[in-house]
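# Observations on chain architecture
What follows is the residue order along each chain.
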Amino acid sequence: MYPAADIALHLARHGVKAEAAHTVAKGISDGEALLSYAADISADLIVGRSLWPFAGARTGIRGGVTRTLIAEMTAPVLLSH
């Protein structure tokens with residue numbers, strides 16, 4: 001299982017209908033691809049794992065995605081680390 005599936009399973013155990021998904025888009029950032037996909041499926045909430053505390057030291061993909069989600073969110077976002 002991958003982390004998103006673990007999160008979806010945990011939420012399902014608490015009565016939340018959740019779906020783990022994978023999407024790829026060319027020509028836009030990972031954060032923009034995630035927000036676009038969430039809009040396409042009319043997501044009520046985006047749930048994920050954040051590496052925000054490490055964004056200053058590590059400018060990896062997740063740090064950039066977290067920044068994009070916080071700056072441009074189009075649906076509520078729940079992040080944990």
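From a predicted model like this one, the values you see are computed outputs, not experimental measurements.

Within the chain, the secondary structure is distributed over three helices and two strands. Going residue by residue from the N terminus, the α and β elements of the chain occur as α-α-β-α-β. Taken over 81 residues, the chain has a buried fraction of 22%. Taking as baseline every contact in the chain between residues at least 6 positions apart, the subset at least 24 positions apart corresponds to 53%. With an accessible surface of roughly 5,900 Å², the chain has 57% of that area assigned to carbon and sulfur atoms.

Here helix 1 (residues 3-13) has its buried residues at Ala 5, Ala 8 and Leu 11. Taken down its axis, helix 1 places every buried residue within 125° of arc, on the same side. Exposed residues pointing more than 90 degrees away from the buried face of helix 1 are listed as Pro 3 and Arg 13. Each element contacted by the buried residues of helix 1 is listed here: strand 1 (46-49). Following helix 1 by one or two positions, Gly 15 has its phi on the positive side, about 80°.

The next point concerns the side chain of Thr 68. Its place among the elements puts Thr 68 in helix 3 (residues 61-72). Beyond its immediate stretch of four places on either side in the chain, Thr 68 contacts Ser 29, Gly 31, Glu 32, Leu 35 and Met 73.

The subject of this paragraph is unusual backbone geometry. Peptide bonds are, in most cases, trans, and in most cases residues other than glycine have a negative phi. For Ser 42, which is not glycine, the phi torsion reads 55° and is therefore positive. Residue position: Ser 42 is located in the loop between helix 2 (30-40) and strand 1. Here Ser 42 falls in the exposed class, since its relative accessible area comes to 57%.

Attention now goes to the confidence of the model for the chain. Looking at the chain, the pLDDT average stands at 80 and 79% of residues meet or exceed 70. Averaged pLDDT values for the elements of the chain fall to 77 in helix 3 and rise to 91 in helix 2. Segment residues 55-61: pLDDT under 50, and five contacts once partners within four positions in sequence are set aside and those in other chains are kept.

Residues Ile 46 and Gly 48 point to one face of strand 1 and are all buried, whereas Val 47 and Arg 49, pointing to the other face, are not buried. Bridge analysis of strand 1 against strand 2 (residues 77-80) gives four bridges, and the strand direction is parallel. Residue pairing for strand 2: Arg 49 is matched across the bridge by Ser 80.

About the thresholds
Residues numbered from 1 in each chain as written. Predicted model: local features only at pLDDT ≥ 70, side-chain atom pairs only at ≥ 80, totals over all residues. Heavy atoms only, no water. Helix = DSSP H or I, 4+ residues; strand = E, 2+ residues; numbered from the N terminus. Buried < 20%, exposed > 50% of the residue type's maximum accessible area, 1.4 Å probe, protein only. Contact = heavy atoms within 4.5 Å. Areas by Shrake-Rupley, 256 points an atom, 1.4 Å probe, with all protein chains shown as cover. Arc of directions from axis to C-beta. pLDDT = per-residue confidence, 0-100. Pairing = 2+ DSSP bridges.

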